[in-house]
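As a plain string of letters, each chain reads:
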Amino acid sequence: MIEQSTAQIDQIKSQLNTAFAPSWLELQDQSDRHRHHPGRKQAPAGSGHYDLVIVSEQFESKTLIQRHRLIYSVLADQIPSQIHALTIRAYTPAEWRDL
């Protein structure tokens, strides 16, 4: 399971790096925290629950919903087969500095 999770994380990060050239990218597999949730039990085998923090200039002048849509469009080929749930925190560099 750990090898599969690491491979999935590497694949997700690779897609996000290619699409957004982020100055910061953090992705954590939170699947173990959600294994008892009813929705998780019905999710495709091997799919995970991830927590994403991404900082990119490409989010400038984009609303929160637009940022999320951009990220989901990049990862569409992995939802729901590899990604069951994704928590997204997407920032511009200026927003990131102000946190």
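Calculation notes
Just so you know, the residues in each chain are numbered from 1, in the order the chain's sequence is written. At least 70 in pLDDT is required for a residue's local features to be given in this predicted model, at least 80 for side-chain atom pairs to be given and counted, and no such filter applies to totals for whole chains, interfaces and linings, which use all residues. As a convention, hydrogens and water are excluded, and side-chain values are obtained from all of the structure's heavy atoms. Among the buried residues, those of types Ala, Val, Leu, Ile, Met, Phe, Trp, Tyr and Cys that are joined through side-chain atoms within 4.5 Å form a nonpolar core. Working definition: with a 1.4 Å probe on protein chains only, accessible area under 20% of the residue-type maximum means buried, over 50% means exposed, and in between means partly exposed. Labels follow the DSSP assignment, with helices taken as runs of H or I lasting at least four residues and strands as runs of E lasting at least two, numbered in each case from the N terminus. Contacts are assigned to residue pairs with any non-hydrogen atoms lying within 4.5 Å of each other. Between Lys or Arg on one side and Asp or Glu on the other, a salt bridge is scored when a side-chain nitrogen of the former is within 4 Å of a carboxyl oxygen of the latter. Pairs of N or O atoms are called polar contacts if they sit within 3.5 Å, as long as, within protein, a hydrogen donor faces a hydrogen acceptor (for residues adjacent in sequence, only side-chain-to-side-chain pairs). Stacked, edge-to-face and tilted labels apply to pairs of Phe, Tyr and Trp rings (six-membered ring for Trp) whose centres lie within 6.5 Å, assigned for plane angles under 30 degrees, over 60, and everything in between, in that order.

A. Spatial organisation of the nonpolar core. Grouped together as the largest cluster of nonpolar side chains are 16 residues, with contacts concentrated most on Leu16, Leu52, Ile54, Ile71 and Leu86. Where this core is concerned, the elements lending two or more residues are helix 1 (2–20), strand 1 (24–29), strand 2 (48–55) and strand 3 (83–91). Apart from the residues within four sequence positions on either side, isoleucine 71 is in contact with Leu16, Phe20, Leu52, Ile54, Phe59, Leu86, Ile88 and Ala90.

B. How the structure looks around the pattern of salt bridges. Taken as a whole and assessed by the stated rule, the structure comprises 2 salt bridges. Of the charged contacts, one joins arginine 89 and aspartate 51 as a salt bridge, the two residues approaching to 2.8 Å between their closest N and O atoms. Placement of arginine 89 in strand 3 and of aspartate 51 in strand 2 is noted, with a sequence separation of 38 residues between them. Residue aspartate 51 is classed as buried on the basis of its relative accessible area, which comes to 18%. Glutamate 95 is the salt-bridge partner of arginine 67, the closest N and O atoms lying 2.7 Å from each other.

C. Representation of the environment of serine 31 in the model. Tracing the chain through its elements places serine 31 in the loop between strand 1 and helix 2 (38–41). We classify serine 31 as buried; its relative accessible area is 8%. Sequence separation of serine 31 and histidine 49 is 18 residues, and the distance between their C-alpha atoms is 4.6 Å. In contact with serine 31, not counting residues within four places along its chain, are Gly48 and His49. Within the local environment of serine 31, its side chain forms a polar contact with the side chain of aspartate 29, the two groups lying 2.5 Å apart.

D. Summary view of the packing of aromatic side chains. A complete count under the given rule lists 3 aromatic pairs for this structure. Linked through ring pairs, Trp24, Tyr91 and Trp96 together constitute an aromatic cluster.

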